[in-house]
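Results of the structural survey
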Amino acid sequence: MTAPKPTSFHQRLLHALHNWRRRAVTRRRTRDDVQLLAGMSDHDLRDLGIGRSEVPELVDRNRY
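The shown structure was predicted, so the numbers you read here are calculated from the model rather than taken from an experiment.

A closer look at the overall build of the protein chain
Counting its regular elements, the protein chain contains three helices and zero strands. Its helices and strands taken in sequence order, the protein chain reads α-α-α from the N to the C terminus. Computed over the C-alpha atoms, the radius of gyration of the protein chain is 20 Å, more than 25% above the 11 Å expected from 2.2 N^0.38 for a compact globule of 64 residues. A total of 64 residues make up the protein chain; the buried ones form 12% of that total. In the protein chain, 13 side chains carry a positive charge and 8 a negative one; their mean positions are 18 Å apart.

Re the environment of G49
Position of G49 relative to the elements: it lies in the loop between α2 (42-48) and α3 (55-61). Taking the C-alpha atoms as reference points, G49 and L37, separated by 12 residues in sequence, lie 12 Å from one another.

A closer look at a nonpolar patch on the surface
Nonpolar side chains collect at one region of the surface, where F9, L13, L14 and L17 lie side by side and expose about 410 Å² of accessible area between them. As for its placement among the helices and strands, L17 is situated in helix α1 (residues 9-39).

A short note on the UniProt feature "domain: YjiS-like" (unreviewed entry) in the protein chain
UniProt tags residues 14-55 as "domain: YjiS-like" (unreviewed entry). What you have in residues 14-55 is 81% helix and 0% strand, and the ends, taken at the C-alpha atoms, are 37 Å apart.

Quick word on the confidence of the model for the protein chain
Summarising the model, the protein chain shows a mean pLDDT of 86, and 92% of its residues fall at 70 or more. Averaged pLDDT values over the elements of the protein chain bottom out at 80 in α3 and peak at 92 in α2.

Calculation rules
Residues numbered from 1 in each chain as written. Predicted model: local features only at pLDDT ≥ 70, side-chain atom pairs only at ≥ 80, totals over all residues. Heavy atoms only, no water. Helix = DSSP H or I, 4+ residues; strand = E, 2+ residues; numbered from the N terminus. Rg over C-alpha atoms; globule rule 2.2 N^0.38 Å. Buried < 20%, exposed > 50% of the residue type's maximum accessible area, 1.4 Å probe, protein only. Lys, Arg positive; Asp, Glu negative; His and termini not counted. Charge placed at Lys NZ, Arg CZ, Asp CG, Glu CD. Patch = residues over 30% accessible without salt bridge, like charges linked within 9 Å, V, L, I, M, F, W, Y side chains within 5 Å. Areas by Shrake-Rupley, 256 points an atom, 1.4 Å probe, with all protein chains shown as cover. Salt bridge = Lys/Arg side-chain N within 4 Å of Asp/Glu carboxyl O. UniProt positions renumbered as here; feature names shortened; annotations may be inferred. pLDDT = per-residue confidence, 0-100.

Quick look at the structure:
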């Protein structure tokens, strides 16, 4: 039985870039969601079932 071949530098680089891009997309979506919540009126937030004072807590709780 032969040992598995180690991954090439190219494969590791592509994997690292893929992970970086995924994290960047997640951060951008989170930032957009935060801006959307911050820009909503109190009436709209109440329709969602949250108050203005709860927005920072929700953002911090769902932050990675």
